[in-house]
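Each chain is listed here by its residues.
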Amino acid sequence: MSGVGSLLSIRGTTRLAAVIGDPVRHSRSPSIHNAAFAALGIDWVYLAFPVAGGQGHDALRAMRTLGIDGLSVTMPLKGEIAGAVDRRTEAVARLGACNCVARDGNELVGHNTDGGGFVAALKSELGCDPSGSRVAVIGAGGAARAIVHALGQSGVDHLVVVNRSPDNAAVAAALAPQAVVGSLDLLPDVDIVVNATSIGMEGGPPGSPVPADLLRSHHLVADIVYQPLDTPLLRDARLIGAQTIGGLGMLVHQAAIAFELWTGLAAPLDAMSEAVRIGLADA
Ligand code: NAP
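Residues numbered from 1 in each chain as written. Predicted model: local features only at pLDDT ≥ 70, side-chain atom pairs only at ≥ 80, totals over all residues. Heavy atoms only, no water.

S.K.: So what's going on with the domain arrangement of the chain? Which residues, and what values?
M.R.: In terms of domain boundaries, the chain breaks down into domain 1 (7-112 + 250-282) and domain 2 (115-246). Averaged C-alpha coordinates put domain 1 and domain 2 at centres separated by 26 Å. Across the boundary between the two partners, domain 1 contributes 13 residues, which contact 19 residues of domain 2. With both sides pooled, the region where domain 1 packs onto domain 2 buries about 1300 Å², and carbon together with sulfur makes up 64% of that total. When residues of domain 1 are sorted by the area they lose upon contact with domain 2, R94, M250 and H253 head the list and together hold 44% of the total. Counting the contacts that link domain 1 with domain 2 gives zero salt bridges. Our count for the contact surface shared by domain 1 and domain 2 stands at four residue pairs in polar contact (both at pLDDT 80 or more). (Domains from an automatic or database assignment. Contact = heavy atoms within 4.5 Å. Buried area = accessible area lost by both parts, 1.4 Å probe. Salt bridge = Lys/Arg side-chain N within 4 Å of Asp/Glu carboxyl O. Polar contact = N/O pair within 3.5 Å; in protein donor to acceptor, adjacent residues only side chain to side chain.)

Printed below as a string of structure tokens:
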């Protein structure tokens, strides 16, 4: 649908979803979700609203008053919204972070779709069910914690959290009963290696979080960095014949879970992936 066509189709019945946070103008969510609405031809639109820290309660009140049907939540509001929703999923309660608000009748329900998005990407893109696997998650920030929690729920056999700051590693490892804090030298023994640090991200620390000699051909290597789509870790892993998955899958699948919570419809994954690829190419 052209830009003008999209605008002309907005009318009194159009339903609204939005992302809130600060900064928010750089967010990829409007292009992903508007592409999904257009692909299914449904009467929805998605906007970005800058909302500063401390104003999360006001934003939820506005969601209720204005009849907004879905909210994505980004920094610095994830913790504040987790405490302000009417009801929260177990993931939100454990993580203290909410990245998606959906309506259930009159209730505003807080979800965290990051970890579920990661696991869904493994399953749908590589046919990999992590249950029974041995996994190393490198990193212990917001994304890593969501992934550790989701992998724990998915029934991994063993999970080691490796992180620069040991205190953060301990917090992340407490989110899954199978998880312990460990070090990089354990990597050769695991099945799945996940980079959930910002190492390799554009503008972040350069290079790979894993020395190449610790990678093995039996590894499935996942890097959740999506800008750039290809990273030094993924290149090293491919060179030795390991299976790889980049951050685009998690980005699209976490958005797809939100889309399905809001609309009740199956998300058009191809259209959403294409919107991200175009956005990244234009960045
Ligand atoms: P965060 O909360 O700031 O956590 C950053 C993590 O990286 C921490 O574990 C931190 O270790 C580690 N780190 C940063 N610089 C480091 C360095 N120089 N050496 C070693 N470790 C370092 O960030 P986040 O929100 O979790 O995001 C992490 C990455 O995931 C970003 O690249 C982000 O774009 C990406 N991400 C992707 C998706 C997706 O859908 N694909 C979703 C969310 C995030 P310390 O604990 O020691 O500080």
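S.K.: Describe the sheet that holds strand β9 (residues 179-181), and please don't skip the residues or the numbers.
M.R.: Backbone-to-backbone hydrogen bonds join strands into a sheet, with any given pair of strands oriented parallel or antiparallel. Strand order in this open sheet of six strands is β9-β8-β7-β10-β11-β12, and the pairing throughout is parallel. Each edge of the open sheet carries a strand with a single partner, namely β9 and β12 (243-245). Strand-to-strand twist in this sheet, taken as the mean axis angle between neighbours without regard to direction, amounts to 20 degrees. With three bridges connecting them, strand β11 (residues 220-223) and β12 associate as parallel partners. Across the sheet, residue L220 finds its bridge partner in β12, namely Q243. Against the sheet, helix α7 (residues 142-153) engages β7 (134-138), β8 (158-162), β9 and β10 (192-195), with an angle of about 165 degrees to β7. (Pairing = 2+ DSSP bridges. Helix = DSSP H or I, 4+ residues; strand = E, 2+ residues; numbered from the N terminus. Axes fitted to C-alpha atoms, helices over the stretch in contact; angles between N-to-C directions.)

S.K.: Outline the pairing of strand β3 (residues 70-73), listing residues and values.
M.R.: Neither face of β3 is left uncovered, since the one carrying G70 and S72 and the one carrying L71 and V73 both have all their residues buried. Sheet topology places strand β1 (residues 15-21) next to β3; four bridges connect them, and they run parallel. Paired with A18 across the bridge in β3 is L71. In the sheet, β3 pairs with strand β5 (residues 100-104) via three bridges, with the strands oriented antiparallel. The partner of L71 across the bridge, within β5, is V101. (Buried < 20%, exposed > 50% of the residue type's maximum accessible area, 1.4 Å probe, protein only.)

S.K.: Account for the site of the ligand, naming residues and giving values.
M.R.: Lining the immediate environment of the ligand, one finds 21 residues, of which A143, N163, S165, N168 and I224 sit closest. At 2.9 Å from an oxygen atom of the ligand is found a side-chain nitrogen or oxygen belonging to R164. Here an oxygen atom of the ligand and a backbone polar atom of L251 are 3.2 Å apart. Protein contact buries 72% of the 930 Å² of open area that the ligand shows by itself. The residue inventory of the shell around the ligand, partitioned by class, reads 11 nonpolar, nine polar and one charged. (Near = heavy atom within 4 Å. Areas by Shrake-Rupley, 256 points an atom, 1.4 Å probe, with all protein chains shown as cover. Nonpolar A, V, L, I, M, F, W, Y, C, P; charged D, E, K, R; others polar.)

S.K.: I'd like a description of the environment of F49, backed by residues and values.
M.R.: Tracing the backbone shows F49 in strand β2 (residues 44-50). Residue F49 is classed as partly exposed on the basis of its relative accessible area, which comes to 31%. For the pair F49 and D22, spaced 27 residues apart in sequence, the C-alpha separation works out to 8.5 Å. If we ignore the near neighbours within four places in the chain, the residues touching F49 are L16, A18, V19, I20, G21, V24 and I68.

S.K.: Describe the nonpolar core, with residues and values.
M.R.: Membership of the largest hydrophobic core comes to 34 residues, with the highest contact counts inside it found for F118, V137, I147, L151, L159 and V194. Summarising the domain contributions, this core has at least three residues from each of domain 1 (7-112 + 250-282) and domain 2 (115-246). Filtering out sequence-adjacent residues up to four positions away, L159 remains in contact with V135, V137, V148, L151, Q178, A179 and V180. One finds I32, A48, V276 and L280 within the second-largest nonpolar core, a separate group that totals 23 residues. (Core = buried A, V, L, I, M, F, W, Y, C linked by side-chain atoms within 4.5 Å.)

S.K.: Give a detailed account of helix α6 (residues 114-126), specifying residues and quantitative values.
M.R.: For α6, with 13 residues, the first-to-last C-alpha span of 18 Å sits near the 18 Å given by 1.5 Å per residue. If you check which residues of α6 are buried, you get D114, G115, G117, F118, V119, A121 and L122. Contacts from the buried residues of α6 go to α4 (78-84), α7, β10, β11, β12 and α10 (248-263). (Expected span 1.5 Å × (residues − 1).)

S.K.: Give me the packing of helix α2 (residues 29-40) against helix α11 (residues 269-282): which residues, what numbers.
M.R.: Two numbers describe how α2 lies on α11: the axes approach to 8 Å, and their chain directions differ by 140 degrees. Taken together, the axes of α2 and α11 are oblique relative to one another. Where α2 crosses over α11, the two elements pack in a sense that is right-handed. In contact with S31, I32, H33, A35, A36 and A39 of α2, α11 contributes A271, M272, A275 and V276. Taken together, the residues of the contact of α2 with α11 sort by class into eight nonpolar, two polar and no charged. (Parallel < 35°, antiparallel > 145°, perpendicular 65-115°, else oblique. Left-handed = near helix turned anticlockwise from the far one by under 90°.)

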